[in-house]
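Breakdown of the fold
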Amino acid sequence: GESVGLHLPTLSVQEGDNSIINCAYSNSASDYFIWYKQESGKGPQFIIDIRSNMDKRQGQRVTVLLNKTVKHLSLQIAATQPGDSAVYFCAETRLSGGYNKLIFGAGTRLAVHP
Amino acid sequence: DTAVSQTPKYLVTQMGNDKSIKCEQNLGHDTMYWYKQDSKKFLKIMFSYNNKELIINETVPNRFSPKSPDKAHLNLHINSLELGDSAVYFCASSQGPRVSNEQFFGPGTRLTVL
């Protein structure tokens, strides 16, 4: 079925370490990718996006890397903090009736330990 | 506060019942969405409306009927509820229908069908 897969369902890191969350996508025609963060009991929240004509984009403490050759996306979080504990989703675009829709991956839970 | 709001937050009901979930956004957005998140956190789009017009309609049972009375509201009515309908339902909105328009998610409605 349509899906974007993740290598690790759960990632545990120490506070202050860097975190890397990986994602493999299936549609080579996807031209836009987004990372979302979902805290417990809340809706997903946009973190960072990247277009297929780029291979790297940086935000505040976060970097997204895109490798179109192997259809791989990663989210790097620098100096991980307890507030970063959440489930992280990558999403790719897919056409549906002339409109693009987001296809979400299964999610990776990030647990930050003091 | 400007936000996407959903009511109710929790909904517990018996199989066979009909229920509705309401969504309102005061962000002035033209596009609204309904997503379903299952027990494994998998998030999948169900419907999207742009300016009150249905633009994305995924393979959702016709027991689910969205209704957009105006651009600020997108309600979801579910007939003849089944056990498999138990999930968290998220409403979202964006300025426009392009995937590059950031989607803002509501807090979710947890539906439990007994």
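Up top is the structure these notes are about.
Residues numbered from 1 in each chain as written. Chains lettered and ligands numbered in written order. Predicted model: local features only at pLDDT ≥ 70, side-chain atom pairs only at ≥ 80, totals over all residues. Heavy atoms only, no water.

1. What about the side chain of B:T13?
Relative to the elements of secondary structure, B:T13 occurs in strand β2 (residues 10-13). The buried category is assigned to B:T13, whose relative accessible area is 4%. (Helix = DSSP H or I, 4+ residues; strand = E, 2+ residues; numbered from the N terminus. Buried < 20%, exposed > 50% of the residue type's maximum accessible area, 1.4 Å probe, protein only.)

2. Points about the side chain of B:Q25
All names here are of chain B. Here Q25 is to be found in strand β3 (residues 19-25). Looking at Q25, its side chain comes within polar contact range of the main-chain nitrogen of G28, at 3.3 Å. Here H29 takes part through its backbone oxygen, which lies 2.8 Å from a polar atom of the side chain of Q25. Not counting chain neighbours up to four residues away, the residues in contact with Q25 comprise A3, V4, M32, K71, A72 and S93. (Polar contact = N/O pair within 3.5 Å; in protein donor to acceptor, adjacent residues only side chain to side chain. Contact = heavy atoms within 4.5 Å.)

3. Side note on empty space enclosed by the protein
Applying the stated criterion across every chain, the model contains 2 cavities of 30 Å³ or more. Space inside the largest cavity adds up to approximately 60 Å³. Forming the boundary of the largest cavity are 15 residues, of which A:N100, B:Y33, B:I56, B:P97 and B:Q103 lie nearest the centre. Considering every element that reaches the lining of the largest cavity, the biggest residue donor is strand β9 (residues 99-104) of chain A, with 4 residues. (1 Å grid on protein atoms, 1.4 Å probe; cavity = no way out; pocket = protein on both sides within 12 Å on 5 of 7 lines; lining within 4 Å. Points joined across faces, edges and corners; volume = space filled by probe spheres on them.)

4. Considerations on the state of the cysteines
All names here are of chain B. By the definition in use, this model includes 2 disulfides over all chains. Across the disulfide, C23 is cross-linked to C91 (sulfur-sulfur distance 1.9 Å). Handedness of the C23-C91 disulfide follows from its S-S torsion of about -75 degrees: it is left-handed. In this pair, C23 sits in strand β3 while C91 sits in strand β9 (residues 87-94), placing the two residues 68 residues apart along the sequence. Summarising the burial analysis for this pair, C23 and C91 share the class buried. (Disulfide = S-S within 2.5 Å.)

5. Things to note about the interface of chain A and chain B
In this complex, chain A contributes 22 residues to the contact, which on the side of chain B involves 21 residues. In this assembly, chain A packs against chain B so that about 1900 Å² is buried in total across both faces, 59% of it on carbon and sulfur atoms. Contact with chain B buries area across many residues of chain A, yet A:P44, A:Y99 and A:F104 alone supply 27% of it, more than any other trio. Put simply, A:K101 and B:E58 hold a salt bridge, and the shortest N to O gap is 2.5 Å. Seen at the junction of chain A and chain B, the total is 2 residue pairs in polar contact (both at pLDDT 80 or more). (Buried area = accessible area lost by both parts, 1.4 Å probe. Salt bridge = Lys/Arg side-chain N within 4 Å of Asp/Glu carboxyl O.)

6. Description of the sheet that holds strand β7 (residues 64-70) of chain B
Pairing between the strands of a sheet is mediated by backbone hydrogen bonds and can be parallel or antiparallel. Residues and elements named next belong to chain B. Strand order in this open sheet of 4 strands is β1-β3-β8-β7, and the pairing throughout is antiparallel. Either end of the sheet is taken by a strand with one partner, and the two such strands are β1 (4-7) and β7. Neighbour-to-neighbour, the strand axes of this sheet turn through a mean angle of 20 degrees, independent of strand direction. Of the pairings in the sheet, the one linking β1 to β3 comprises 4 bridges and is antiparallel in character. Of the residues in β3, the one forming a bridge with Q6 is C23. (Pairing = 2+ DSSP bridges. Axes fitted to C-alpha atoms, helices over the stretch in contact; angles between N-to-C directions.)

7. Quick word on the packing of aromatic side chains
All chains considered together, the criterion is met by 11 aromatic pairs over all chains. Measuring from ring centre to ring centre gives 6.3 Å for A:F89 and A:F104, while their planes differ by 85 degrees; the resulting arrangement is edge-to-face. Placement of the pair is A:F89 in strand β8 (residues 86-96) and A:F104 in strand β9, with a sequence separation of 15 residues. For the pair formed by A:F89 and A:F104, the shared burial category is buried. Seen in terms of ring centroids, B:F64 and B:Y89 are 6.3 Å apart; in terms of plane orientation they differ by 35 degrees. Their pairing is tilted. (Phe/Tyr/Trp six-rings, centres within 6.5 Å; stacked < 30°, edge-to-face > 60°.)

8. Quick notes on the pattern of salt bridges
Applying the stated criterion across every chain, the model contains 8 salt bridges over all chains. A:E92 is the salt-bridge partner of A:R94, the closest N and O atoms lying 3.0 Å from each other. Assigned by exposure class, A:R94 and A:E92 land together as buried. For the salt bridge of B:E82 with B:R63, the shortest nitrogen-to-oxygen distance reads 3.5 Å. One end of the pair, B:E82, is in the loop between β8 (73-78) and β9; the other, B:R63, is in the loop between β6 (53-57) and β7, with 19 residues separating them in the sequence. When salt bridges with common partners are traced through the structure, they connect A:K101, B:K44 and B:E58 into a single cluster.

Function-wise, these values are silent; they only describe arrangement.
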